[in-house]
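Understanding the architecture of this molecule
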Amino acid sequence: MWRLRRAAVACEVCQSLVKHNSGIKGSLPLQKLHLVSRSIYHSHHPTLKLRRLQLKTSYQQFSSLTNLPLHKLKLSPIKYCYQPRRNFWPARLAARLLKLRYLILGSAVGGGYTAKKTFDQWKDMIPDLSDYKWIVPDIVWEIDEYIDFEKIRKALPNSEDFAKLAPDFDKIVESVSLLKDFFTTGSLGETAFRATDHGSESDKHYRKVSDKEKIDQLQEELLHTQLKYQRILERLEKENKELRKLVLQKDDKGIHHRKLKKSLIDMYSEVLDVLSDYDASYNTQDHLPRVVVVGDQSAGKTSVLEMIAQARIFPRGSGEMMTRSPVKVTLSEGPHHVALFKDSSREFDLTKEEDLAALRHEIELRMRKSVKEGCTVSPETISLNVKGPGLQRMVLVDLPGVINTVTSGMAPDTKETIFSISKAYMQNPNAIILCIQDGSVDAERSIVTDLVSQMDPHGRRTIFVLTKVDLAEKNVASPSRIQQIIEGKLFPMKALGYFAVVTGKGNSSENIEAIREYEEEFFQNSKLLKTSMLKAHQVTTRNLSLAVSDCFWKMVRESVEQQADSFKATRFNLETEWKNNYPRLRELDRNELFEKAKNEILDEVISLSQVTPKHWEEILQQSLWERVSTHVIENIYLPAAQTMNSGTFNTTVDIKLKQWTDKQLPNKAVEVAWETLQEEFSRFMTEPKGKEHDDIFDKLKEAVKEESIKRHKWNDFAEDSLRVIQHNALEDRSISDKQQWDAAIYFMEEALQARLKDTENAIENMVGPDWKKRWLYWKNRTQEQYVHNETKNELEKMLKCNEEHPAYLASDEITTVRKNLESRGVEVDPSLIKDTWHQVYRRHFLKTALNHCNLCRRGFYYYQRHFVDSELECNDVVLFWRIQRMLAITANTLRQQLTNTEVRRLEKNVKEVLEDFADDSEKKVKLLTGKRVQLAEDLKKVREIQEKLDAFIEALHQEK
């Protein structure tokens, strides 16, 4: 009886063991699932021992399938009971019960030990999540205040639906069926014999199954389980994404004011932008991490980036080089899927196709604008921020594709330029190199792998990505070649991770969701996974983005403080150099110097409006007379003065003045006014301001002055109104008082004396130095000057004989002069005689006119009587009075136009030029140069970089 009681107790232990094993919880890595399933399906097998495999690689395996817990399954209850007693002989019954006792107790103890060991191993596999509490924002702990979890719970599928997706545990029941056989109908002896006999039908069935079939069956089960959990995980991730979006939207509206993790990557991106502006050639030893995306042209770099960013944001072309400059893409989490440029406030909604098209067009325009004339690519970086729910936080730089041959339409140095740009980014020891290789082409055609292996020979910061795996699987004859590529055995380069992705069917109109579905569908049916050539953590762009993001932040945390210390030392050196060279000057960078120069220029433009009207009119009148005096003397006064009487003189003057006013005078007046305005503007811009003058602004002021004058155009209606005013002024002949008469005579004398002086200088240059200069300064005449001097003397004799001689020589007079000179041995040409006569007669005429001015000083009385009963005629004085009055009225009119209109228009042009220069960084660098400017510029940038680095490090520590 005591033996029967022990058997009953053992039966109860077995029942509790079965119930306990069916509810075990734990986190099970998928790469070990075949061992776990073996322990579940054949837990009764005494020869099976569960072992925990060690990772074979030194790098971390990233997969979205590794952290999913197994769910509790409800198994159908199994009822156990005692078997009815049979009438056997006592001896046989005792022997059989003794054997049954050992069998039941041994099975119970062995099963309990196996269950305990399995449970402990599963428990050890569960990662310690206590160090990752920082991942969950504070708002999640308060989320029950904003979200109704009861509705969410009801919307989720029940446990039965989850049980359908779980592994098949029917074999667990079969494993326990041996215990049940002890209590079924039949003799206890036969049951015990079947349990202990190694030649049973069950053992024979397992022996018949070969090892290869077992492996195939387990791999099939593993793949099937992976796909099931993949679908569960995708659904949960989608729900988590929507939930996260709601949280971020509420936080965005100000419900909960705190800095989210997305601000951390934004801060880091700002540091990189400042560094790029500081030195685009990376001569500052910038070692901050970036994810540098490199690959051969058309290898799929842009497509991989778009899959990570979850939007088709880059311009596309069939075979044409589209990426012409580096594009820095900062991925961060946000409530809305948007994109914006660093220097623009416009947000592009990435969920709308028209915004996506506008974004691609803007990127293409910026690329073409950054490329200089005669080049194909540019090292200038375009910064783009992409925000959205569920995006991995990182900074990626998409580089132009590496080419092997320069085609028509490209600059000859395109290949070398692309190599230099790629090396500049990859030589950063902390840059993560995302090497993209086209899987649909022969690996031997790849260029980028050699370049990457040169930059990172040990593969410590390289992640290899094989794209277009769908085409590779279809076209490649040997699938093992793909495995060799993924495992890094085909290339000389090494990498810390290898991934395979699918970037769509080659249709540019496909959206990201369609590409993602196609990628997942392909890998679900791919032979590469079924035959274990690829592991689950090595496929899909989602797993790739997780791996790259983790690697990126690991390198950021390891290197950012060292970079901050480096810039602190640089700042100290620059500050010391400034104190030694410029101890009394403020540290003004280029932009601050430009603003200071801008204010000075605007002040100088405003000072134009403070010029007195008298000063304007004096300058305008003097400048206008200098411009028209030659025409008045040569074309109006001299021809009229050759007439015989006053009537003819006045008629000639009126006709010539009318013609002059209709055609030339208004235009000359406007030109004079515009030149005067330019001269005054230049004088204010360039004249030194004493000790306050800073010559560092001279080039900038000169450029602003030239550009403003170039853009300024005088009002077109000014000439028409001025023509009428000048015509009316010249028609007036009435001199009202003696003062105006004297002023006209004085004006006439000044004009004639200036002309007489010019004429005498011309004669002196023609005939050479006189006897006094020859004796005092030891100068001699040339042969030509000697001939001119002899001709001049002969012509002067002729004028002494006839002081009323007309302005032109007659032919016989020219012949007479030539023969008289030949008699003295001087050979002359008739044209030489005419040229000499022109200057000789002009001097004679001007001297005569000056003598006439002296006579007319007392002629105002006769003028009032219209020269009646008087031989004195002063019509030339009246002419100069008319000219003088016209000059005064014109100067007054031009002064009004200047002060009322043109100065303001010029001021507006100056402001526009300054605004254009302010937006043109290259122009500012060209115009504001020097060691002082560069030192201040470097000092400001280094301070800004250090401040941003310190803020980023502080935020990074807070996140920890």
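Residue numbers restart at each chain and count upward from 1, following the sequence in its written direction. Whole-chain, interface and lining totals are the exception, using all residues; otherwise, since this is a predicted model, local features are given only for residues with pLDDT of at least 70 and side-chain atom pairs are given and counted only at 80 or more. Computation of side-chain values covers all heavy atoms of the structure but excludes hydrogens and water.

1. Focus: the state of the cysteines
Disulfides are covalent bonds that link the sulfur atoms of two cysteine residues. By definition, disulfides here are pairs of cysteine sulfur atoms that lie within 2.5 Å. Tallied over the entire structure, the rule returns one disulfide. With its sulfur 2.1 Å from that of its partner, Cys856 forms a disulfide with Cys874. The disulfide joining Cys856 to Cys874 has a torsion of about -100° about its S-S bond and is therefore left-handed. With Cys856 in helix 31 (residues 830-856) and Cys874 in the loop between helix 32 (860-864) and helix 33 (875-919), the pair connects residues that are 18 residues apart, well separated along the chain. The exposure class assigned to Cys856 is buried, which follows from its relative accessible area of 0%. Lacking any disulfide linkage, Cys853 is separated from the closest cysteine sulfur, that of Cys856, by 6.6 Å. Secondary structure elements follow DSSP: runs of H or I no shorter than four residues count as helices, runs of E no shorter than two count as strands, and numbering proceeds from the N terminus. Relative accessible area decides the class of each residue, using a 1.4 Å probe on protein chains only: under 20% of the type maximum gives buried, over 50% gives exposed, and in between gives partly exposed.

2. Describing the side chain of Asp296
Inspection of the secondary structure assignment puts Asp296 in the loop between strand 1 (291-295) and helix 12 (301-309). For Asp296, a relative accessible area of 12% translates into the label buried. Any two residues whose heavy atoms approach within 4.5 Å at even a single point are treated as in contact. Not counting chain neighbours up to four residues away, the residues in contact with Asp296 comprise Lys301, Gly401, Val402, Ile436, Gln437, Arg445, Ser446, Ile447 and Val448.

3. Observations regarding the packing of helix 22 (residues 613-641) against helix 31
Orientation is described by axes fitted as lines to C-alpha atoms, over the contacting stretch for helices, and by angles from 0 to 180 degrees between their N-to-C directions. At a closest axis distance of 12 Å, the pairing of helix 22 and helix 31 adopts a crossing angle of 80°. On the basis of their axis angle, the class for helix 22 and helix 31 is roughly perpendicular. Where helix 22 approaches helix 31, its residues Glu634, Tyr637, Leu638 and Ala641 are matched on the opposing element by Arg842, Phe845 and Ala849. Gly counts as polar in this scheme, as do all residues outside two lists: the nonpolar Ala, Val, Leu, Ile, Met, Phe, Trp, Tyr, Cys and Pro, and the charged Asp, Glu, Lys and Arg. Its residues assigned to classes, the contact of helix 22 with helix 31 comprises five nonpolar, no polar and two charged. Any angle from 65 to 115 degrees is called roughly perpendicular, while one under 35 is roughly parallel, one over 145 is roughly antiparallel, and all others are oblique.

4. Quick look at the packing of helix 29 (residues 783-801) against helix 31
Running from N to C, helix 29 and helix 31 point in directions that differ by 55°, and their axes come no closer than 9 Å. Between helix 29 and helix 31, the angle is such that the two are oblique. Crossing hand, helix 29 versus helix 31: right-handed. Contacts from Val787, His788, Thr791, Lys792, Leu795, Glu796 and Leu799 of helix 29 reach helix 31 at Leu832, Ile833, Thr836, Trp837, Val840, Tyr841, Arg843 and His844. A class-by-class count of the residues in the contact of helix 29 with helix 31 yields eight nonpolar, four polar and three charged. In this scheme the crossing of two helices becomes right-handed for a clockwise turn of the near helix relative to the far one and left-handed for an anticlockwise turn of less than a right angle.

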